[in-house]
Amino acid sequence: MVTVEELFAIDTLLSDEEREIRAAVASFAAQRLRPHIAEWFEAGTVPVRELAPELGRLGLLGMHLEGYGCAGLSATMYGLACQELEAVDSGVRSLVSVQGSLAMTAIHKFGSEEHKQRWLPELAAGTAIGCFGLTEPDFGSNPGGMRTRAKRDGADWVLNGSKMWITNGSVADIAVIWAQTEHEGRQVVRGFLVPAGTPGFTAREMHHKLSLRASLTAELDLDDVRLPADAVLPESRGLGAPLACLSEARFGIVFGALGAARDCLAATIDYARTREVFDKPLAAYQLTQAKLADMALEFGKGQLLALHLGRLKDQGRVTSEQVSAGKLNSTREAIAIARQCRTILGANGITLDYPVLRHANNLESVLTYEGTAEVHQLVLGKALTDANAFR
Ligand code: FAD
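In the nomenclature of an unreviewed UniProt entry, the protein chain corresponds to Acyl-CoA dehydrogenase from the organism Nocardia panacis. According to the UniProt record, the Cofactor (unreviewed entry) comment for the protein chain is "FAD". The UniProt entry for the protein chain carries the following text under Sequence similarities (unreviewed entry): "Belongs to the acyl-CoA dehydrogenase family."

What follows is the structure, encoded as structure tokens:
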């Protein structure tokens, strides 16, 4: 008997160091996360403040960034780490993605030297939490329409607006907030660093989610939030800045979502081998095997694509369209696998005793954030035809 990873000899494509990092994250995930995940999911929470320093000690926060206390490891290693975390739960991987790929990347790519010195070492250590506020109640797929405004008042900036669906927003020490500014009569999106506790800035945790329950999600309000002149990320000029950060987070999802799929497959194969129906194990029926074979195939193809994109990224050659293709494929196939696995588990599949419906529900969010599946289809459509079908 082989695992789905062994079926495709995935390990032969990894270096010793990549295998070691993957094993270290898998061991942390097995000991520290997996025993609690069903309980966190059911309670609709996750101990972000407790976990962040532990993730920081493992070098997982801003893992692929250089300097300022970041681990400076490869994109492929970051992807593999995301996969091991998401094999436990997409919520935990989201914590790491938002901190490293969104908040820290925004500061690393677009911040001043002072911003980097002030925030990156603490964010890398997990002693400070960051969030990334781009989406608004009326603008998700089309962030360029955002209504949040930053206006000059003397040397200061004054921000007004609201953000929605912001991961870790309610516990963040520093929020990266994207707002429209005016520059020579033109609207330009720029990033601002808003520390928690700034007067006029409030974060409210969102409840009643049926997906990504082991993750904190918040609504942010900015009501005449006055910031000093140097709160703006100086190198952020235009929507390309937040989109560049999103492309980093998306890359983690290319690997991450397949971790959820792998976990569903492992739990399902295990179940099918012991569950007897009509006097023999479910695994011994051709219909079950056809489902398992097809799912394993999609997992393997997705994993090969993820590794290919990882290698391209490490060579500095990956394009945003390629990352879109990977994100679309991994999320779409992972959610299909999770749902199909659920059928094999029958009624047991709907409980938290098994991970499959938890993963399937989580993957609804993963399919939607960092660009919906449809948005990535449009990105690929545009690349293939040169016709922009977004509007
Ligand atoms: P909409 O943009 O309203 O889309 C609705 C539907 O319309 C989708 O199916 C979409 O694909 C489709 N659609 C959109 N445009 C087109 C088009 N041109 N043609 C055809 N169909 C189209 N955002 C942040 O800024 N920071 C975060 O930390 C963050 N965390 C999140 C955590 C969770 C759990 C979730 C669920 C979301 C999070 N988001 C975050 C928001 C996320 O990025 C948005 O939900 C996403 O961009 C989609 O926006 P929307 O929900 O407004 O959907």
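Participant: Whenever I open this one, the packing of aromatic side chains confuses me. Can you help?
Facilitator: Remark: the centre distance and the inter-plane angle together describe each pair of aromatic rings, the angle taken between the planes. Summed over all chains, the structure comprises four aromatic pairs. Here the guanidinium or amino end of lysine 280 rests over the ring plane of tyrosine 285, the centre of that ring lying 4.6 Å away.

Participant: Please clarify how the site of the ligand should be interpreted in this entry.
Facilitator: Taken together, 17 residues sit near the ligand, with Thr135, Ser141, Trp165, Thr372 and Glu374 positioned nearest. In the environment of the ligand, an oxygen atom lies 3.0 Å from a nitrogen or oxygen atom belonging to the backbone of leucine 134. Within the side chain of threonine 167, a nitrogen or oxygen atom sits 2.9 Å from a nitrogen atom of the ligand. Expressed as a share of its isolated accessible area of 980 Å², the protein-covered part of the ligand is 68%. Residue contributions to the shell around the ligand peak at three residues, all from strand 3 (residues 156–167). Residue classes in the shell around the ligand are distributed as eight nonpolar, seven polar and two charged. Residues lining the shell around the ligand come from more than one domain, with at least three contributed by each of domain 2 (131–238) and domain 3 (241–385).

Participant: So what exactly am I meant to see when it comes to the environment of alanine 175 here?
Facilitator: With respect to the element layout, alanine 175 can be found in strand 4 (residues 174–183). Placed 20 residues apart in sequence, alanine 175 and proline 195 show a C-alpha to C-alpha distance of 6.2 Å. Ignoring sequence-local partners within four residues, the contact set of alanine 175 consists of Cys131, Phe192, Leu193, Val194 and Phe201.

Participant: Would you mind showing me how to read the side chain of glutamate 136 here?
Facilitator: By secondary structure assignment, the location of glutamate 136 is in the loop between strand 1 (130–133) and strand 2 (149–153). A polar atom in the side chain of glutamate 136 sits 2.6 Å from the side chain of threonine 148. Those residues within four positions of glutamate 136 in sequence are excluded, and the remaining contacts are Met146, Arg147, Thr148, Ser162, Lys163 and Met164.

Participant: Please clarify how the domain arrangement of the protein chain should be interpreted in this entry.
Facilitator: When the parts of a complex come together, some accessible area is lost, and that lost area is often used as the size of the interface. Taken domain by domain, the protein chain consists of domain 1 (4–129), domain 2 (131–238) and domain 3 (241–385). For domain 1 versus domain 2, the separation of C-alpha centres amounts to 24 Å. Taken together, the contacts link 31 residues of domain 1 with 25 residues of domain 2. Here domain 1 meets domain 2 over a buried area of about 2200 Å², counting both sides, of which 68% is carbon and sulfur. At the junction of domain 1 and domain 2, the tally comes to one salt bridge. One salt bridge in this structure joins arginine 49 and aspartate 173, with 3.0 Å as the shortest N-O distance. Sort the elements by how many residues they give to the side of domain 1 that touches domain 2 and helix 5 (residues 90–110) lands first, with 12 residues.

Participant: When you look at unusual backbone geometry in this model, what are you seeing that I'm missing?
Facilitator: Note: most residues except glycine have negative phi, and most peptide bonds are trans. Even without being a glycine, alanine 9 presents a positive backbone phi close to 50 degrees. On the secondary structure map, alanine 9 appears in the loop between helix 1 (4–7) and helix 2 (16–43). For aspartate 279, which is not glycine, the phi dihedral falls at a positive 70 degrees. Structurally, aspartate 279 can be placed in the loop between strand 8 (276–277) and strand 9 (280–281). By relative accessible area, which is 75% here, aspartate 279 ends up exposed.

Participant: What is the right way to look at the UniProt feature "domain: Acyl-CoA oxidase/dehydrogenase middle" (unreviewed entry) in the protein chain in this model?
Facilitator: Taking the numbering used here, the UniProt-annotated feature "domain: Acyl-CoA oxidase/dehydrogenase middle" (unreviewed entry) corresponds to residues 131–225. Taken end to end, residues 131–225 comprises 0% helix and 57% strand; its first and last C-alpha atoms sit 17 Å apart.

About the cut-offs
- Residues numbered from 1 in each chain as written.
- Predicted model: local features only at pLDDT ≥ 70, side-chain atom pairs only at ≥ 80, totals over all residues.
- Heavy atoms only, no water.
- UniProt positions renumbered as here; feature names shortened; annotations may be inferred.
- Phe/Tyr/Trp six-rings, centres within 6.5 Å; stacked < 30°, edge-to-face > 60°.
- Lys NZ or Arg CZ within 6 Å of the ring centre and 35° of its normal.
- Near = heavy atom within 4 Å.
- Polar contact = N/O pair within 3.5 Å; in protein donor to acceptor, adjacent residues only side chain to side chain.
- Areas by Shrake-Rupley, 256 points an atom, 1.4 Å probe, with all protein chains shown as cover.
- Helix = DSSP H or I, 4+ residues; strand = E, 2+ residues; numbered from the N terminus.
- Nonpolar A, V, L, I, M, F, W, Y, C, P; charged D, E, K, R; others polar.
- Domains from an automatic or database assignment.
- Contact = heavy atoms within 4.5 Å.
- Buried area = accessible area lost by both parts, 1.4 Å probe.
- Salt bridge = Lys/Arg side-chain N within 4 Å of Asp/Glu carboxyl O.
- Buried < 20%, exposed > 50% of the residue type's maximum accessible area, 1.4 Å probe, protein only.

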